[in-house]
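# Observations on the three-dimensional arrangement
Listed below, chain by chain, are the residues.
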Amino acid sequence: MFIAKILVPLDGSPCDEVALISAIRTARPFCAHVSAVYVHLDPGKIAPLAVPLSGEVMMAILEGNAKVYADIARQIREMIARICLSEGAIAAEDRSSDHVTISFCEALGHPPQVLGAMASLSDLLVSAACTQPAPRFDIAVAALLSGKCPVLILPRPSDEFRKIVIGWNDSVVAAHSLSAAMPFLKKADAIELVCLAYPHQPQAKIESAVSYLRSNGLVCSAIHVRQIVGSAQHALGDFAVERGADLLVAGGFGHSRMAETLFGGVTNDFLFHPRLPV
């Protein structure tokens with residue numbers, strides 16, 4: 001398993017630098033190509049308004065939208081040039097066999113929809129953590145729900161993932177996350193697996209996960225069962241931090257998107273408040 005193409009959505013927000021630096025550093029061990037994309041609505045199309053506007057006012061709104069999008073794209077290009085210089089990446093349209101390359105493009109459309117489709121032809125989507133609901137949250141959600149692209153969320157730029165903790169509950173989404181993390185697991189120095197167990201509930205079976213790792217030439221240096229009462233996210237995060245992990249592997253959206261939004265959940269918490277890369 002290999003990572004050849006990393007998708008990083010950019011939107012002109014302060015989180016962009018963390019996302020782009022993280023994408024480049026994540027790409028480095030694989031000499032992967034980083035595809036930076038800025039997607040925005042067509043400035044020539046605005047939603048109908050309740051109050052009729054004159055042609056002059058409409059034109060002013062359209063020109064204003066176009067200027068905002070152009071300014072953001074210019075700022076993103078300048079940021080990419082600066083970070084490429086500091087991180088040693090090379091601007092190119094295709095992947096190279098001996099260094100990280102990066103390309104940038106602008107696209108029109110609804111960002112979650114457009115980038116969700118792009119994620120289907122990417123090996124990984126990298127995003128900075130959100131502190132509140134934002135377009136990049138919806139983009140990460142779209143990639144997770146598509147089931148075709150794993151998502152890496154980082155609170156800050158990271159270098160290498162030498163120690164990895166896997167959160168396991170014997171579910172389909174946990175299995176998908178384990179498979180998706182294989183490129184990182186194969187380069188790790190230590191792998192630990194933790195199974196969260198709720199009181200008065202059957203413990204999840206870990207043999208299948210251990211067997212899958214073994215079939216890929218990997219061995220868990222430690223296996224843990226952690227009894228929890230409260231939030232699974234907090235328990236996983238606390239455990240990973242206690243163990244000094246560089247990366248936490250966890251499944252995304254085991255419940256419906258609506259249930260996660262209404263009642264909270266592991267995925268929502270990790271998207272907004274991760275203490276380490278997830």
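Higher on the page you've got the structure.
Values in this document were obtained by computation on a predicted structure and should not be read as measured data.

Looking only at helices and strands, the chain has ten helices and ten strands in total. Within the span of the chain, comprising 278 residues, buried residues form 46% of the whole. On the chain, roughly 13,800 Å² of surface is accessible, and the fraction owed to carbon and sulfur atoms is 58%.

To continue, consider helix H2 (residues 55–87). One turn of the α-helix equals 3.6 residues, which is why residues spaced by three or four share an orientation. Spanning 33 residues, H2 covers 48 Å between terminal C-alpha atoms, matching the ideal 48 Å at 1.5 Å per step. In the core, the buried residues of H2 are packed alongside helix H1 (16–27), strand E2 (33–40) and strand E4 (101–108). One or two steps after H2, the chain reaches Gly88, where phi turns positive at roughly 75°.

Taken across its five residues, strand E1 (residues 5–9) has four buried, putting it largely inside the fold. After leaving E1, the chain enters H1 and then returns to the sheet as E2, a path that is right-handed. Taken together, the two bridges between E1 and strand E5 (residues 124–128) define a ladder with parallel strand orientation. Note that in E5 the partner of Ile6 across the bridge is Leu124.

It is worth spelling out the packing of aromatic side chains at this point. Under the definition given, this model contains three aromatic pairs. Ring geometry for Phe2 and Phe30: centres 5.9 Å apart, planes at 90°, overall edge-to-face. With Phe2 in the segment before E1 and Phe30 in the loop between H1 and E2, this pair connects stretches of sequence that are 28 residues apart. By relative accessible area, which is 4% here, Phe30 ends up buried. When the centroid spacing of 5.4 Å and the interplanar angle of 80° are considered together, the rings of Phe161 and Phe184 count as edge-to-face. Taken together, the residues Phe161 in the loop between strand E6 (151–154) and strand E7 (163–168) and Phe184 in helix H6 (residues 182–185) connect sequence positions 23 residues apart.

Along the polypeptide, Glu192 turns up in strand E8 (residues 190–197). Its relative accessible area of 4% is what places Glu192 among the buried residues. There is a polar contact of 2.7 Å between the side chain of Glu192 and the side chain of Arg243.

With that settled, the discussion passes to the pairing of E8. With respect to burial, E8 is a largely interior element, seven of its eight residues being buried. Examined bridge by bridge, E7 and E8 share six bridges and lie parallel to one another. For Val165, the partnering residue across the bridge sits in E8 and is Glu192.

Looking now at the environment of Ile206. Examined against the element boundaries, Ile206 turns out to sit in the loop between E8 and helix H7 (207–215). By relative accessible area, which is 15% here, Ile206 ends up buried. Considered as a pair, Ile206 and Trp168 are 38 residues apart in the sequence and their alpha carbons are 7.4 Å apart. Those residues in contact with Ile206 that sit more than four places away from it in its chain are Trp168, Leu193, Cys195 and Ile223.

On the surface, Leu53, Val57 and Met58 cluster together into a nonpolar patch covering about 200 Å² of accessible area. Here Leu53 shows up in the loop between E2 and H2. The class for Leu53 is partly exposed, based on a relative accessible area of 35%.

A word on helix H5 (residues 172–180). Among the residues of H5, those classed as buried are Ala174, Ser177 and Leu178. The buried residues of H5 all sit within an arc of 100° when viewed along its axis, so they share a single face. Exposed residues on H5 whose side chains face more than 90 degrees from its buried face are Val172 and His176.

Turning next to the pattern of salt bridges. One pass over the full model with this rule turns up twelve salt bridges. Between Glu106 and Arg77 there is a salt bridge, and its shortest N-O distance comes to 3.7 Å. Of this pair, Glu106 sits in strand E4 while Arg77 is found in helix H2, placing the two residues 29 residues apart along the sequence. Residues Asp189 and Arg162 are paired through a salt bridge, measuring 2.7 Å at the closest nitrogen-oxygen approach. Here Arg162 lies in the loop between E6 and E7 and Asp189 lies in the loop between H6 and E8, a separation of 27 residues in the sequence. Look at Asp189 and you get exposed, because its relative accessible area is 59%. Accessibility expressed as a relative area gives 29% for Arg162, which makes it partly exposed. Look at the salt bridges and you will find they share partners, linking Lys67, Asp71, Arg74 and Glu78 into a network.

The rules behind these values
- Residues numbered from 1 in each chain as written.
- Predicted model: local features only at pLDDT ≥ 70, side-chain atom pairs only at ≥ 80, totals over all residues.
- Heavy atoms only, no water.
- Helix = DSSP H or I, 4+ residues; strand = E, 2+ residues; numbered from the N terminus.
- Buried < 20%, exposed > 50% of the residue type's maximum accessible area, 1.4 Å probe, protein only.
- Areas by Shrake-Rupley, 256 points an atom, 1.4 Å probe, with all protein chains shown as cover.
- Expected span 1.5 Å × (residues − 1).
- Contact = heavy atoms within 4.5 Å.
- Right-handed = clockwise from strand over helix to strand, strands pointing away.
- Pairing = 2+ DSSP bridges.
- Phe/Tyr/Trp six-rings, centres within 6.5 Å; stacked < 30°, edge-to-face > 60°.
- Polar contact = N/O pair within 3.5 Å; in protein donor to acceptor, adjacent residues only side chain to side chain.
- Patch = residues over 30% accessible without salt bridge, like charges linked within 9 Å, V, L, I, M, F, W, Y side chains within 5 Å.
- Salt bridge = Lys/Arg side-chain N within 4 Å of Asp/Glu carboxyl O.
- Arc of directions from axis to C-beta.

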